[in-house]
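# Fold and geometry: a report
Listed below are the residues making up each chain.
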Amino acid sequence: MASTTKEVSAQPTNRIFSGVQPTGNLHLGNYLGAIRNWVTLQADYECIYCMVDLHAITLFQDPVELTASTREVTASLLASGIDPKTSIVFNQSQVHAHAELAWIFNCVARMGWLNRMTQFKEKAGKNRENASVGLYAYPNLMAADILAYKASHVPVGADQKQHLELTRDIAQAFNSAYDVDCFPMTEPLIFGEGTRVMSLRDGSKKMSKSEPSEMSRIILTDGPDEIAKKIRKAKTDPLPLTASPEELEERPEAKNLLGIFAALSNAPVAEIHQRYDGAEFSQFKKDLIELAVAELSPITTEMQRLLADTAYVDSVLRDGADKAAEIATPIVKEVQDIVGFLRP
Ligand code: TYM
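Residues numbered from 1 in each chain as written. Predicted model: local features only at pLDDT ≥ 70, side-chain atom pairs only at ≥ 80, totals over all residues. Heavy atoms only, no water.

Here we take up the environment of Ala308. Tracing the backbone shows Ala308 in the loop between α13 (281–307) and α14 (310–339). Through-space distance from the C-alpha of Ala308 to that of Ile104 is 40 Å; in sequence the pair is 204 residues apart. (Helix = DSSP H or I, 4+ residues; strand = E, 2+ residues; numbered from the N terminus.)

Shown next, in the form of structure tokens:
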């Protein structure tokens, strides 16, 4: 235990950090659970949004595809309404602070804490011995992402909640080991009706990029015909829709589609349940297709326009990395001083 309380820089109260893996295209779950909220939060917070390419390679990525996905995901963010003039948009590998702080956190976090992470268990599957060390230490890097900026808030989908709890544990353990008040207790922001969007083929599974069936997810590059096809073929059940919460608990596919409708229309889910109480899926799906196409088509079009100009997308990322480094570098230096690294 250190014996002196060191002076540390202030903890901002309205700084957002969040990240997304640049692996494949973003799907409706990413959009409704995270990106759309990121857009809204720009009005009230200083926002830092990151393509987490260091996280992406915890599972092998084809190098050419990783480069392309980094640009594509950046374009999706910009097309969705992230404004690079007011928000910082960059890719993680270009700001050294992330990897440097992650190493220090590897030495703070306990194996027992990481052993509890459900996402590692899901991603590593049965063959844990063969998982990369990076996949195991993934949450420490995530804590470094957030704490390298002393972010006060982190908007994410519900699946990231456990990782954010670990971030707080790491912050607390660091502060206490070195007897400092360096890192904040970052607050998760998990809100809206789309915090957990499920697969269109199986209402008990999260919508995800790793699901083999492309019919299980709508992606941001899908055109109107693909969106319509995926919604038309989305799994349902033979009964009409219902507003009964108890009945919907037993009917996960119906519940999921109603939730997606609520999220897309920015309405409370209970209102959508009432509106379609007793309706047939065929009518509901027609309305859902119309709604999804109206929301997503302009984003797809804008994404294509942006991707035709990779020089612009790259310039956003370069500029973002410079701005991000300006914030994170002094914080990492402060941490080095606290830990006792000589900076001659
Ligand atoms: P990733 O790339 O898996 O997902 C990006 C964001 O999308 C949300 N999300 C969902 N929300 C609702 N329903 C779904 N089916 C769904 N699938 C994904 C995720 O919750 C996330 O908000 N570890 C993170 C990336 C990350 C990060 C960070 C996030 C790295 N460092 C620091 C916040 C702060 C991840 O893999 O997200």
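Turning to unusual backbone geometry, a few remarks are in order. Across residues other than glycine, the phi torsion is negative in most instances, and most of the peptide bonds are trans. One non-glycine residue, Asp179, lies in positive phi territory at about 55°. Inspection of the secondary structure puts Asp179 in the loop between α8 (161–178) and β5 (187–189). By relative accessible area, Asp179 is classed as partly exposed at 29%. Look at Asn266: it is not a glycine, yet its phi comes out positive at around 55°. Secondary-structure assignment places Asn266 in the loop between α11 (252–265) and α12 (269–275). (Buried < 20%, exposed > 50% of the residue type's maximum accessible area, 1.4 Å probe, protein only.)

Moving on, we come to the nonpolar core. Ranked by internal contacts, the top residues of the largest apolar core, which has 57 residues, are Leu28, Leu77 and Phe284. When residues of this core are traced back to their parent elements, those giving at least two are β1 (15–20), α1 (28–41), β2 (46–51), α3 (63–80), α9 (224–232), α11, α13 and α14. It is α13 that contributes the most residues to this core, ten residues altogether. Here this core gathers at least three residues from each of two domains, domain 1 (15–194 + 309–339) and domain 2 (214–305). The residues touching Leu77, leaving out its near neighbours within four places in the chain, are Val20, Leu26, Ile35, Trp38, Tyr49, Met51 and Ile82. (Core = buried A, V, L, I, M, F, W, Y, C linked by side-chain atoms within 4.5 Å. Domains from an automatic or database assignment. Contact = heavy atoms within 4.5 Å.)

This paragraph deals with the packing of α11 against α13. For the pair α11 and α13, the least separation of the axes is 10 Å and the interaxial angle reads 40°. Viewed along their axes, α11 and α13 form a crossing whose handedness is left-handed. Between α11, through Ala254, Leu257, Leu258, Ile260, Phe261, Leu264 and Ser265, and α13, the contact on the second element is made entirely by Phe281, Phe284, Lys285, Asp287, Leu288, Leu291, Ala292 and Glu295. The residue makeup of the contact of α11 with α13, split by class, is eleven nonpolar, one polar and three charged. (Axes fitted to C-alpha atoms, helices over the stretch in contact; angles between N-to-C directions. Left-handed = near helix turned anticlockwise from the far one by under 90°. Nonpolar A, V, L, I, M, F, W, Y, C, P; charged D, E, K, R; others polar.)

Taken residue by residue, a regular strand's side chains alternate between the two faces of the sheet. Counting buried residues along β2, five of its six residues qualify, which places the element largely inside the surrounding structure. In the sheet, β1 pairs with β2 via six bridges, with the strands oriented parallel. When the bridges of β2 are listed, Arg15 appears paired with Glu46. Handedness of the crossover is the feature at issue here: the chain leaves β1, passes through α1, returns alongside β2, and the resulting connection is right-handed. Two strands pair when backbone bridges link them, and β2 and strand β3 (residues 88–91) are joined in this way by four bridges, in the parallel orientation. Along β3, the bridge assignment pairs Tyr49 with Val89. (Pairing = 2+ DSSP bridges. Right-handed = clockwise from strand over helix to strand, strands pointing away.)

Now for helix α7 (residues 133–147). Its 15 residues place the ends of α7 21 Å apart at the C-alpha level, agreeing with the 21 Å of an ideal helix rising 1.5 Å per residue. Bending of α7 peaks at approximately 45° at the position of Pro139. Most of α7 is tucked away: 13 of the 15 residues are buried. (Expected span 1.5 Å × (residues − 1). Bend = angle between axes of the 7 residues up to and from the residue.)

Bringing the layout of surface pockets into the picture now. Rolling a probe over the atoms, with the probe sized like a water molecule, indicates the empty space that remains. The space that makes up the second largest pocket amounts to roughly 300 Å³. In terms of lining, the second largest pocket is formed by 16 residues, of which the most central are Arg196, Met198, Lys255, Asn256 and Gly259. Mapped onto the lining of the second largest pocket, the elements with two or more residues apiece are α10 (245–249), α11 and α12. Element by element, the count of residues in the lining of the second largest pocket is highest for α11, at five residues. Taken together, the residues that form the lining of the second largest pocket break down as six nonpolar, six polar and four charged. (1 Å grid on protein atoms, 1.4 Å probe; cavity = no way out; pocket = protein on both sides within 12 Å on 5 of 7 lines; lining within 4 Å. Points joined across faces, edges and corners; volume = space filled by probe spheres on them.)

With that out of the way, let us pick up empty space enclosed by the protein. Taken as a whole and assessed by the stated rule, the structure comprises two cavities of 30 Å³ or more. Within this model, the largest cavity holds a volume of roughly 50 Å³. Together, Gln119, Phe120, Lys123, Leu135, Tyr138, Pro139 and His163 line the largest cavity. Mapped by element, the contributors of at least two residues to the lining of the largest cavity are α6 (118–124) and α7. Of the residues belonging to the lining of the largest cavity, the class tally is four nonpolar, two polar and one charged. Of the pockets and cavities examined, the second largest cavity occupies roughly 30 Å³. Leu28, Leu200, Ile218, Ile231, Leu257, Ile260, Leu264, Leu288 and Ala292 are the residues that line the second largest cavity. When residues of the lining of the second largest cavity are traced back to their parent elements, those giving at least two are α11 and α13.

No statement about biological role is implied by the geometric values presented.
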